[in-house]
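Chain by chain, the residues:
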Amino acid sequence: MVKKILLALGALVVLVLIGAGTAMGVATHKINKSYADVALPNIQRDSSPEGIARGEQVFRAVCAECHAGGGNTKPTGVQMHDFPPELGTFYSANITSDPEKGVGAWKDEEIARMVINAIDRDNHVRPMPAFPNMGDKDLAAVIGFMRSGHPDFAPEQSQPPRSVLTPMGRMVFSFAMGINDKARTEPVVIPAKAADSVEYGRYVSASVYDCVFCHSPGFEGSAAKLKNPDTVLSGGFEFDLTPMGGEGKLLSPNITPSETAGIGKWTLEEFKLAMKTGVTPGGYILRAPMPKYRYADDVELTAIYTFLRTMKANDKAVPPPAGGRPKAEPTNDPEKLFSSLGCASCHGANKQFEAKLQGAKGKPAEEVAKWIRNPESFKPGTQMPTYESLLDEANALTLAKYVLGKTGSGVSEGTAP
């Protein structure tokens, strides 16, 4: 999930200013050195029912897609396809409760430092996004959920390989992204949670869900981007779709209050629906890497909306990706539906989740149709969009039969044998 042009340019500047040999030596030292001097934060799990519920909200929205991946829920670690191969080969870690392969033997404080600084219990930095400004209570809640006995965290012995950085990757993670070696010495207090609180909306958007980072141009962190009112939230951050099974580039959209280029015309209810279901008011499908915030509550989403409405409107339109954005078009042709709904971009031939279609094999077409319309009712937290507002039952059934045909299932009278 990187902006290759900026990364290459940043590394090139460093090479020119410092010198190739010196820069590579410094980068290698920063990656390999021990960070034992970064003290553990004083953060322990919140095991209250409220804390565990909040921890699940944050974990499902921020952590699960990287550590479980592929629509799964068990965080055993997977290969990350969001980074271009020029930077290396990346794997997320097993964070189940297994004491040897997972984090079962880790202290709460060690998990907290991993989130804040991306420094593991062996005092080495890992190439993963850090969350230096996430509040202590939210961190404690996430750890509480991880330690709650939820079946997703049951011990799992699988262990992905360690990530391997290329020389370019070392440069990027050492200089362009930077390594957070600042210990948390004072608690980070979360603003009071309220729907009409701009401060709470800003906190969630910038320090938890990273809306500010992904929807603003440039590669600096969210805190720095917030200081530039002319460009913050104006979109234009570049994602390479190729590692995710797509084609070409995708620029994050403008989400300022602009009525011509942003989301200024969206009502609060339309915003909440888009965030939870992945479908915009205009019927466009919010495709990966944009997550679905299934577990976010109304107060949280309203606070984000409140915050976004206070930002400066930017009327600069962001161009759509090659081939356009998936948009539902009413049709009785299931092949066209499969394409217009964006199904093909995930489940088509040679795409990232092509194999997931086989999960429908042998199921009744009526059940598959219900899954298509409301996948979250079958698999809470799924990143598949909710198509209920775009597909009636008849068209969903037609599409279900088409999907079953792609799995090799025979379909008769609307039912797979």
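Report on the accompanying structure.

Conventions used here
- Counting restarts for each chain: residues are numbered from 1 in the order of the written sequence.
- Residues qualify for local features only when their pLDDT is at least 70, as the model is predicted, and side-chain atom pairs are given and counted only at 80 or more; totals for whole chains, interfaces and linings, by contrast, use all residues.
- Based on all heavy atoms of the structure, the side-chain values leave hydrogens and waters out of the count.
- Each helix corresponds to a stretch of at least 4 residues labelled H or I by DSSP, and each strand to a stretch of at least 2 residues labelled E; elements are numbered beginning at the N terminus.
- Whether a residue is buried, partly exposed or exposed follows from its accessible area with a 1.4 Å probe, protein chains only, as a fraction of its type maximum: under 20%, in between, or over 50%, in that order.
- Residues are treated as being in contact if the distance between any of their heavy atoms lies within 4.5 Å.
- Here, Shrake-Rupley sampling with a 1.4 Å probe gives the accessible areas, and only protein chains in the shown set may cover a residue.
- Multiplying 1.5 Å by the helix residue count minus one yields the expected span of that helix.
- For the purposes of these results, a polar contact is taken to be a pair of N or O atoms within 3.5 Å, where, inside protein, one atom must be able to donate a hydrogen and its partner to accept one; residues adjacent in sequence count only when each atom of the pair is a side-chain atom.
- Arc, as used here, means the arc of the directions from the helix axis to the C-beta atoms.
- Fitted lines through C-alpha atoms give the axes, limited to the stretch in contact for helices. The angle between two N-to-C directions lies from 0 to 180 degrees.
- Angle categories: roughly parallel below 35 degrees, roughly antiparallel above 145, roughly perpendicular from 65 to 115, and oblique for all the rest.
- Each residue gets one label: Ala, Val, Leu, Ile, Met, Phe, Trp, Tyr, Cys and Pro are nonpolar, Asp, Glu, Lys and Arg are charged, and the others, such as Gly, are polar.

Some thoughts on the overall build of the chain
On a plain count of helices and strands, the chain comes out with 16 helices and 5 strands. By the burial criterion, 47% of the 417 residues in the chain qualify as buried. For the chain, restricting intrachain contacts to residue pairs at least 6 apart in sequence, the fraction spanning at least 24 positions comes to 65%. Accessible surface, the chain: about 19200 Å² in total, of which carbon and sulfur atoms supply 56%.

Some thoughts on helix 16 (residues 393–407)
Helix length check: helix 16 (15 residues) gives 21 Å between terminal C-alpha atoms against 21 Å at 1.5 Å per residue, within 8%. Within the sequence span of helix 16, burial applies to Asn 395, Ala 396, Leu 399, Ala 400, Val 403, Leu 404 and Thr 407. Tucked inside the fold, the buried residues of helix 16 contact helix 12 (334–340) and helix 14 (365–373). For helix 16, the N-terminal capping position is held by Asp 392, with its side-chain oxygen 3.3 Å away from the main-chain nitrogen of Ala 394. Backbone geometry just after helix 16 places Gly 408 at a positive phi near 95 degrees.

Some details on the side chain of Asp 136
For Asp 136, the location among the structural elements is in helix 5 (residues 136–146). When its relative accessible area of 16% is taken as the criterion, Asp 136 is described as buried.

Some details on unusual backbone geometry
For Asn 123, which is not glycine, the phi torsion reads 70 degrees and is therefore positive. For Asp 210, which is not glycine, the phi dihedral falls at a positive 60 degrees. Here Asp 210 is to be found in the loop between helix 7 (198–208) and helix 8 (211–214).

Brief notes about helix 14
Three or more residues of helix 14 are buried, namely Ala 365, Val 368, Ala 369, Ile 372 and Arg 373. Buried residues along helix 14 cover an arc of 135 degrees about the axis, so they all sit on one side. Contact partners of the buried residues in helix 14: helix 15 (375–378) and helix 16.

Let's talk about the packing of helix 7 against helix 11 (residues 298–310)
Close contact between helix 7 and helix 11 brings their axes to 7 Å; oriented N to C, the two are set at 100 degrees. The angle between helix 7 and helix 11 places the two elements in the roughly perpendicular class. Across from Val 198, Tyr 200, Gly 201, Arg 202, Val 204 and Ser 205 in helix 7, the residues of helix 11 making contact are Glu 300, Ala 303, Ile 304, Thr 306, Phe 307 and Thr 310. Split by residue class, the contact of helix 7 with helix 11 holds 6 nonpolar, 4 polar and 2 charged.

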